[in-house]
Amino acid sequence: MADQDLIPFSDKYKRIATEEAWAPEELLKMYADLYNSKTYDDPGFDSLWGFYGSSMEPRPATVRRKLADLDDERIADMDAAGIDFAILSLTSPGVQVFDRDTAVTLARDSNDMLKEAIDRHPDRYAGLCAIAPQAPELAALELERCKNLGFRGIINNSHTFGEYLSDPKFWPIFEAAEAMDMPIYLHPTTPPKNMIEPMLEVGLDGAIFGFGAETGMHMLRIITAGVFDRFPKLQMIIGHMGEALPYWMYRLDFMHNAQVSSHRYETLKPLQKKVSDYLKEHVTITSSGMAWEPAIKFAQQQIGLDRVMYAMDYPYQYVKQEVTDMDNMDMSDEHKKMFYQDVATKVFKL
Ligand code: CA
């Protein structure tokens, strides 16, 4: 299929894309300024936004333009790919690279901008609430405000200054998310300074591998810290076919049990359930950047048909052919409708 060909909308299901990024132009400029200032000591940020923030190569320049557009170009791209509806979230690293007060203000302002775009295109967009984990108690307040504005969940771009949501100081965010019945999308960012070097030196720090390794570990830290035992109604979402975790479940269960029962680590405590049970009961997985039938089917079999949903990862991975590939999966229309529409409708209460 030639790239200019349009993919028609389906009459069998609505295609809902669930991990679609945006960023205000002001925020993109702040990333560029932060990179140029050399005041922020984070090689991952430098790698990602040193490239996307200022490179004039066609790919990063196009990504920048598409990130900032919430109207004509984005809607045209959705129309061309036959995407009915998009769940929009603030691109990585969101506000999580700024000082506390700046981050709180930026999160609030970007949520207001996204709300205005949703109001302009209510039949095409819903949004996830950006929060500043730097201020967990205020994040809970912003979440409540977002809930009242009609946001459908929360976006968190993995670690914040090398700190993880498994640290109890962040748990007011989980408490608020559970109380307001809003799922948290744990989206990647580049690994922190003490993890990234062996990846960075060979160009494996970003979406090619480092994102998944770091975010998968983050999800595991949340599980093994007992977050879902403490917040039994909390629901989370991870992209990229679960950041490889579905494929690890057997060994995670065996080794978690082995290490806990042998008291090897003070920090690895008993849990109420197996590690894999938390993935099956508390985590929904999206196909962002991983439009690959065998991986999708494996996750559907092992995590559940009601736990796997579609995402395109626009604009970083805007590939119309993916939609055709997903349409052509060897899968019943009923299960394809779950993948494209029903799971997202349930998770985000659309
Ligand atoms: Ca993404």
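Above this text you will find the structure in question.
Everything quoted here is computed from the prediction, not taken from an experiment.

1. Some remarks on the sheet that holds strand β3 (residues 125–130)
Link 1 in the chain: Ordered in space as β1-β2-β3-β4-β5-β6-β7-β8, the 8 strands form an open sheet in which the pairing is parallel. In this open sheet, the two strands that pair with only one neighbour each are β1 (16–22) and β8 (308–309).
Link 2 in the chain: Looking at chain direction, strand β5 (residues 184–187) and strand β6 (residues 236–238) are connected through 3 bridges and run parallel. For Y185, the partnering residue across the bridge sits in β6 and is I237.
Link 3 in the chain: The strands touched by helix α9 (residues 210–224) are β4 (153–157), β5, β6 and β7 (283–286); relative to β5, the strand with the most contacts, the crossing angle is about 140°.

2. Observations regarding the coordination of the calcium ion
Link 1 in the chain: Taken together, E19 (OE), H187 (NE2) and D313 (OD) make up the protein donors of the calcium ion, found 2.1 to 2.4 Å from the metal.
Link 2 in the chain: Donor residues for the calcium ion sit on one chain with the sequence pattern E-x167-H-x125-D. Residue E19 is found in strand β1, and its partner D313 is found in the loop between β8 and α15 (320–327); the two are separated by 294 residues along the sequence.
Link 3 in the chain: Judged by its relative accessible area of 9%, D313 is buried.

3. What about the packing of aromatic side chains?
Link 1 in the chain: Per the stated rule, a full pass over the model turns up 17 aromatic pairs.
Link 2 in the chain: Ring centres of Y31 and F45 lie 5.9 Å apart, and the angle between their planes is 75°; on these two criteria the pair is classed as edge-to-face. Taken as a pair, Y31 in helix α1 (residues 25–37) and F45 in helix α2 (residues 43–52) lie far apart in primary sequence, 14 residues in all. Per residue, the accessibility class of Y31 equals that of F45, and both read buried.
Link 3 in the chain: Pairwise contacts between aromatic rings join Y31, Y40, F45, W49, F51, Y52, F98, F161 and Y316 into one cluster.
Link 4 in the chain: We note R15 situated over the ring of Y340; from NZ or CZ to the ring centre the distance is 5.6 Å.
Link 5 in the chain: Its end group placed over the ring of Y35, K38 keeps NZ or CZ at 4.1 Å from the ring centre.

Procedures and definitions
- Residues numbered from 1 in each chain as written.
- Predicted model: local features only at pLDDT ≥ 70, side-chain atom pairs only at ≥ 80, totals over all residues.
- Heavy atoms only, no water.
- Pairing = 2+ DSSP bridges.
- Helix = DSSP H or I, 4+ residues; strand = E, 2+ residues; numbered from the N terminus.
- Contact = heavy atoms within 4.5 Å.
- Axes fitted to C-alpha atoms, helices over the stretch in contact; angles between N-to-C directions.
- Donors = N, O, S within 2.8 Å, 3.2 Å for Na, K, Ca; no water.
- Buried < 20%, exposed > 50% of the residue type's maximum accessible area, 1.4 Å probe, protein only.
- Phe/Tyr/Trp six-rings, centres within 6.5 Å; stacked < 30°, edge-to-face > 60°.
- Lys NZ or Arg CZ within 6 Å of the ring centre and 35° of its normal.

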